[in-house]
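Chain by chain, the residues run as shown.
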Amino acid sequence: MITFFAWIIQIILVPVLSPLFVGIIRKIKARFQNRKGASIFQPYRDLRKLFGKDEVISKDASWIFKYMPFILFGTTLIVGLSLPMFTTFLKTNLTGDFLVVIYLLAFGTFFLALAGIDAGSAFGGFGSSREMTISALAEGGLIFSMLTLAIVAHSTNLNQIAISISSLPLRSFMPIILSFIGFFIALLAETGRFPFDNPATHLELTMIHEAMILEYSGKRLAVIEWAAANKQLIFLALGANLFFPWGIANSLSITAVFAGIIIFLIKLLILSVSIAVLESGMAKYRFFRLPDLLFTSFIISVIAIGIII
Amino acid sequence: MLTSQTNFIIALIFLAIGSIGSLAFRKKDSISNIWGNTFAAAGSAFGLLAAARTLFLNDIFSFSLPSTFPILSFSFKMDYLSAFFVFVISLIALLTSVYGMGYVKHYYRKYDIGSLGFFYNAFIAGMLLVVTANNALFFLIVWEIMTLASYFLVIFERNEPKNIEAGSLYFIMTHIGTAFIILAFLLLYKSTGSFDFEVIKNSAGLISPLTKDIVFVLAFIGFGTKAGIIPFHIWLPSAHPAAPSHVSALMSGVMIKTGIYMFIRIFLDILPNTPLWWGIIMLLVGSISSLLGVLYALSAHDIKKLLAYHSIENIGIILLGLGSTLAFTALGLNSLAIVALIAALFHTLNHAVFKALLFMGAGSVISKTHTRNIEEYGGLIKLMPYTAFFFLIGSMAISALPPFNGFASEWLTFQSLFAGIQSSNMIAEWSFVIAAGSLAFTGGLAAACFVKVFGVTFLARSRSEEASHASESSISLKVSMAILSILTLVFGVLAGTVATSLSKVSESLNTLKGSGVAATIQNLSMTTQNVFASVSMPGILLGLLIIITVTVLIVNFISRKQKEITGITWDCGTKPSPRAEITATGFSRSIVTIFRGILQPTKQTDIEYHDANSRYFPKTRTVNLETTDIYKKYFYSPIHKLIIKVSQYVKKVQSGNVNAYVLYIFIVLIILLISGVIK
């Protein structure tokens, strides 16, 4: 019975919580800019508003444009339920492999980029080009940072990684910290944060994600925004639970699950705050400086692997 | 039921009838086409039966026909490994033949259909014989049949001078490769006294380690040239686009795999106790091929050339699996070696399927737009919806997106590389790190490349007159592409079953015999000594289908009252024209710029003015963006220069003066006499 409820929580956790963390990061950033900022629940209201709007679809667009939002959203949901969130006992051998997670997210990105080209606007095309460039280069750092953990855990299964890392003695955490730095850089790239992308911009010189979805409106825009929030939460959860898996519920009891959820939320909050602080303190990089950063992420992870082997 | 051997012989007979018959009917294009392709399809179907019987009913056979030459015997052998390759060749050939029936129509009255049918059937027969030949000399003969047949297919569209040029390059490169292969076989003959593969295998102990190493280098270069590994690949990106598309599908999907077949045959079956550095060389060459292959693909704008570069990339990925196998056997980790070999074989099969699909899609587009330049396509998804859909599936498979087959084999390759990183040999570990790194980047770049191809070809608005009048291709093209698309999905979803069958092939090899206990692969869950990994491909497919359907239903229910209005794309208030869309050059330009150290992009600009004196009003501007081929610059042109230089010196000897020639003969005679006396 508890397992059943735990599964329900696991499935709805990502879509329910994800807009909240978008709101939290926006709020903290607003505070840094000496603004009051909108409520942390504003993203939910935005979604409701968008679902209630009519939409305009370009006459040049094909079925890819029409179905992309749902594909993108679907991939984030299936990834969300494969991750260790608040427990590790919901271990799934079906989709719980880190390569599956990375390539399922790539599945969504692939369609997102295609939909960017589909409407035939000048903005969508270069947005797709930039997105694919960054995600191709980020993949090395992403895979290798998680590979560091997989080598320590002798498994590429995410829940198994969380279990193994949580029982690791503190003195052997050096490579884990290194690979976390590599992962964090890839996280910023994949979720479209500073210094890679400006999530609030509508200026063609700087936008990546926004450029691809410029033609969307109404319910499809809502689904895309929601999927982007999901993706951000997924990366936060990966960072929190793979690299610092303490406090995650390893056993099947109500107290452990409850404590697991609370600690999970606290860890997500800490990561969100650090992203917001980082964004407030730095400017967006020029596009052609980004590869250096992404290769750094890769090299750091290689060093971490070098320490282990 | 006919035995495997009978099936195989029937297949060869059908192919022979097909080739001779299409020559006989060459006066009538349509009969010749139908005759040639029908018999090719029938022959392939029997080849498929033969392979299936051997693989699943253990019907292994070998037989030899007598010959009048002393050391040559026409001996065949179909073991599991041969059967696997016969399976792949026949499967793809069957579908390309169905495709060919419709595709060849647009060559009617332009080119000689009879000779196309002749060489096409000979090509398929040649490939089937290459993977079943059991004698080195016989092998060389059928290897040559395959090569020459494919050469004539490459220059089939002979009115284009570029195709003749591509054919010549292919002819020269592949024969340089054959020279290396002959040397390798001669060395084996010298040590074992036989050209028979079976005899060489049984007396492999007589071969000294040094000879083995030399054989490795020779065979690696020789067969590697056919497989298209960098830097011996230069023929591939020009020859594959030149051939008719269904032949390109065969060449790219299947023919280059014969090189892989011989790698496995020689290094894992015939020669025992291979040293570690063979595997490491293969891993490093595989890394370079996969990474450079995808980078060159990104900068290519000829759709078939781009696909050809992706073949180089995928051969690189197969080599990563094969290199891991060799390294693991040298390290004594035989169970991991089996996993790695399964990955390599599986990727061989998968690449054949999705690459054939992509070439067929490209052919379908080319036959309607009459150009290979992707900049002149655009908007074809509305005009050719089926082709677009099938091409999309192929693109997703080659980009390793789950649940398609490309992901399954890349996942296995990744897992074997990861296991290699934890092997306890410093040099091997770091080679595996490099290999895994290159595979990680390759996956992402391939996805970027196929977003480019699919987006620029099929999406947005048409960029040329031809593209805006395209229409959907005929039924034979659609059927063969549909079957391949289904296979792409089936091999992906049933990856566990396929992997189990492939483990039988791997365990039958001499080096790996009876060592597959520790590694179990079932339902793509892999457990080896201390590594655990699992993935369920049906799970991914079902999950995606259910969740996406539910999302669509829920969202449409919530917003059921909202309207969907069709409007024009917003383009800052201007009327959107095809010129506003991103081009393939523009799309890949940022990646090309990032890898400028390797790709060395060049830019030439040229402006023509209305008035040459006052340079204010430019009439036309041309910008020419190109990338330099570094392997040509740093590998082939130095060799070319060296040969020219040496030839200049040699020329001095050949003065044309008869007196001098008599002197040469005299000197040689004296040297011979002296050496005879001393002995």
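Focus: the overall build of chain A
Right, so step 1: Helices and strands together make up the secondary structure of chain A, namely 11 helices and one strand.
Right, so step 2: Secondary structure elements in chain A, listed N-terminal to C-terminal, are α-α-β-α-α-α-α-α-α-α-α-α.
Right, so step 3: What you see for chain A is a C-alpha radius of gyration of 19 Å, in line with the 19 Å of a compact globule of 309 residues.
Right, so step 4: Based on the C-alpha atoms only, the size of chain A along its principal axes is roughly 55 × 45 × 40 Å.
Right, so step 5: Within chain A, buried positions represent 65% of all 309 residues.
Right, so step 6: When the accessible surface of chain A is summed, it comes to about 10700 Å², and 68% of that surface belongs to carbon and sulfur atoms.
Right, so step 7: The positive charge centre, built from 23 side chains, and the negative charge centre, built from 16, are 10 Å apart in chain A.

A look at the overall build of chain B
Right, so step 1: Summing up its helical and strand segments, chain B has 26 helices and eight strands in all.
Right, so step 2: A compact globule built from 679 residues would reach a C-alpha radius of gyration of about 26 Å, and chain B, at 27 Å, matches this within 12%.
Right, so step 3: Seen through its principal axes, chain B has C-alpha atoms that stretch 100 × 70 × 60 Å.
Right, so step 4: Residue burial in chain B is summarised as follows: out of 679 residues, 59% are buried.
Right, so step 5: The long-range fraction of contacts in chain B, counting pairs at least 24 apart against all pairs at least 6 apart in sequence, stands at 79%.
Right, so step 6: Charge-centre separation for chain B: the mean point of 46 positive side chains lies 2 Å from the mean point of 30 negative side chains.

Digging into the pattern of salt bridges
Residues and elements named next belong to chain B.
Right, so step 1: Counted under the stated rule, the structure contains 20 salt bridges over all chains.
Right, so step 2: With its nearest N and O atoms 3.5 Å apart, the salt bridge here joins Lys77 to Glu198. Separated by 121 residues along the polypeptide, Lys77 in strand E2 (residues 74–78) and Glu198 in helix H7 (residues 197–202) bring together distant segments of the chain.
Right, so step 3: For Lys77, a relative accessible area of 19% translates into the label buried.
Right, so step 4: Here Glu198 falls in the partly exposed class, since its relative accessible area comes to 26%.

Brief notes about unusual backbone geometry
Right, so step 1: Of note, the amide linkage connecting Phe194 of chain A to Pro195 of chain A takes the cis form, showing an omega dihedral of -5°.
Right, so step 2: Take Pro195 of chain A: it is sitting in the loop between helix H7 (174–190) and helix H8 (209–212).
Right, so step 3: Pro403 of chain B follows Pro402 of chain B through a cis peptide bond whose omega is 5°.
Right, so step 4: Within the chain, Arg109 of chain B stands out as a residue other than glycine whose phi angle is a positive 65°.
Right, so step 5: For Arg109 of chain B, the location among the structural elements is in the loop between helix H3 (80–103) and helix H4 (113–130).
Right, so step 6: Residues other than glycine seldom take positive phi values, yet Ala400 of chain B does so here, at roughly 60°.
Right, so step 7: Residue placement: Ala400 of chain B occurs in the loop between helix H16 (385–398) and helix H17 (405–421).
Right, so step 8: For Ala400 of chain B, a relative accessible area of 0% puts it in the buried group.

Brief notes about the side chain of Glu210 of chain A
Right, so step 1: Among the structural elements, Glu210 of chain A can be located in helix H8.
Right, so step 2: There is no salt bridge for the buried Glu210 of chain A, and the closest opposite charge comes from Arg26 of chain A, which lies 7.3 Å off by N-O distance.

Let's talk about the interface of chain A and chain B
Many descriptions give the size of an interface as the accessible area lost when the pieces come together.
Right, so step 1: In this complex, chain A contributes 75 residues to the contact, which on the side of chain B involves 77 residues.
Right, so step 2: Together chain A and chain B conceal approximately 6700 Å² of surface at their shared face, both sides included; 74% is due to carbon and sulfur atoms.
Right, so step 3: Note that Asp54 of chain A and Lys563 of chain B form a salt bridge whose closest N and O atoms lie 4.0 Å from each other.
Right, so step 4: Taken together, the connections running from chain A to chain B amount to 24 residue pairs in polar contact (both at pLDDT 80 or more).
Right, so step 5: Of all elements in the fold, only strand E1 (55–58), helix H3 (63–80), helix H4 (98–118), helix H5 (122–153), helix H9 (218–243) and helix H11 (290–308) of chain A reach the threshold of two or more residues within the side of chain A that touches chain B.
Right, so step 6: Per-element accounting of the side of chain A that touches chain B gives the leading share, 16 residues, to H5 of chain A.
Right, so step 7: Each residue belonging to the side of chain A that touches chain B can be placed in one class, and the counts come to 46 nonpolar, 18 polar and 11 charged.
Right, so step 8: Of the pairings in the sheet, the one linking E1 of chain A to strand E6 (residues 564–567) of chain B comprises four bridges and is parallel in character. Looking across to E6 of chain B, one finds that Val56 of chain A is bridged to Ile565 of chain B.

Details of the domain arrangement of chain B
Residues and elements named next belong to chain B.
Right, so step 1: Splitting chain B by domain gives domain 1 (274–559), domain 2 (597–628) and domain 3 (634–678).
Right, so step 2: Of note, the centres of domain 1 and domain 2, computed from C-alpha atoms alone, are 39 Å apart.
Right, so step 3: Domain 1 puts four residues into the contact, and the matching count from domain 2 is four residues.
Right, so step 4: A buried area of about 350 Å², summed over both sides, lies between domain 1 and domain 2, and 74% of it is on carbon and sulfur atoms.
Right, so step 5: Of all residues in domain 1, the largest losses of buried area upon contact with domain 2 belong to Leu295, Tyr296 and Ser299, amounting jointly to 85% of the total for that side.
Right, so step 6: Linking domain 1 to domain 2 there are zero salt bridges.
Right, so step 7: Linking domain 1 to domain 2 there are zero residue pairs in polar contact (both at pLDDT 80 or more).
Right, so step 8: Broken down by class, the residue content of the side of domain 1 that touches domain 2 amounts to three nonpolar, one polar and no charged.

Digging into the packing of aromatic side chains
Right, so step 1: If you walk through the whole model with that rule in mind, you get 73 aromatic pairs over all chains.
Right, so step 2: Ring geometry for Tyr189 of chain B versus Phe195 of chain B: centroids 4.3 Å apart, planes at 5°, classification stacked.
Right, so step 3: The class of Tyr189 of chain B is partly exposed, set by a relative accessible area of 30%.
Right, so step 4: Residue Phe195 of chain B is classed as buried on the basis of its relative accessible area, which comes to 8%.
Right, so step 5: An aromatic cluster of three or more residues is present, and its members are Phe173, Phe180, Phe183, Phe184, Phe235, Phe243, Phe244 and Trp246 of chain A.

Things to note about the environment of Ser90 of chain B
Residue and element names in this part refer to chain B.
Right, so step 1: By the element assignment, Ser90 lies in helix H3.
Right, so step 2: Given the relative accessible area of 1%, Ser90 is considered buried.
Right, so step 3: Between the C-alpha atom of Ser90 and that of Ala45, which follows or precedes it by 45 residues, the distance is 6.6 Å.
Right, so step 4: Ignoring anything within four residues of it in the chain, the contact list for Ser90 reads Ser44, Gly47, Leu48 and Leu128.

Here's the deal with the side chain of Ser82 of chain A
Right, so step 1: Note on placement: Ser82 of chain A falls in the loop between H3 and H4.
Right, so step 2: Within the structure, Ser82 of chain A has its side chain in polar contact with the side chain of Thr95 of chain A (distance 2.8 Å).

Observations regarding the packing of helix H8 (residues 209–227) of chain B against helix H11 (residues 257–270) of chain B
For any two helices packed against each other, the geometry comes down to the angle between their axes and how far apart the axes lie.
Residues and elements named next belong to chain B.
Right, so step 1: At their nearest, the axes of H8 and H11 sit 7 Å apart, and the two run at 160° to each other. Compared by their axis directions, H8 and H11 come out roughly antiparallel. In this structure, H8 uses Phe216, Ala219, Phe220, Phe223, Gly224, Lys226 and Ala227 to contact H11, whose residues at the interface are Thr258, Gly259, Met262, Phe263, Ile266 and Phe267.
Right, so step 2: Looking at side-chain class alone, the contact of H8 with H11 contains nine nonpolar, three polar and one charged residues.

Regarding the nonpolar core
Right, so step 1: Core analysis: the biggest nonpolar cluster contains 337 residues, and Phe98 of chain A together with Phe185 of chain B have the highest contact counts within it.
Right, so step 2: With sequence-adjacent residues up to four places away left out, Phe185 of chain B is seen in contact with Ala136, Phe139, Leu140, Phe195, Phe197, Phe223, Met262 and Ile266 of chain B.

Reading the values: the criteria
- Residues numbered from 1 in each chain as written.
- Chains lettered and ligands numbered in written order.
- Predicted model: local features only at pLDDT ≥ 70, side-chain atom pairs only at ≥ 80, totals over all residues.
- Heavy atoms only, no water.
- Helix = DSSP H or I, 4+ residues; strand = E, 2+ residues; numbered from the N terminus.
- Rg over C-alpha atoms; globule rule 2.2 N^0.38 Å.
- Buried < 20%, exposed > 50% of the residue type's maximum accessible area, 1.4 Å probe, protein only.
- Areas by Shrake-Rupley, 256 points an atom, 1.4 Å probe, with all protein chains shown as cover.
- Lys, Arg positive; Asp, Glu negative; His and termini not counted.
- Charge placed at Lys NZ, Arg CZ, Asp CG, Glu CD.
- Contact = heavy atoms within 4.5 Å.
- Salt bridge = Lys/Arg side-chain N within 4 Å of Asp/Glu carboxyl O.
- Buried area = accessible area lost by both parts, 1.4 Å probe.
- Polar contact = N/O pair within 3.5 Å; in protein donor to acceptor, adjacent residues only side chain to side chain.
- Nonpolar A, V, L, I, M, F, W, Y, C, P; charged D, E, K, R; others polar.
- Pairing = 2+ DSSP bridges.
- Domains from an automatic or database assignment.
- Phe/Tyr/Trp six-rings, centres within 6.5 Å; stacked < 30°, edge-to-face > 60°.
- Axes fitted to C-alpha atoms, helices over the stretch in contact; angles between N-to-C directions.
- Parallel < 35°, antiparallel > 145°, perpendicular 65-115°, else oblique.
- Core = buried A, V, L, I, M, F, W, Y, C linked by side-chain atoms within 4.5 Å.

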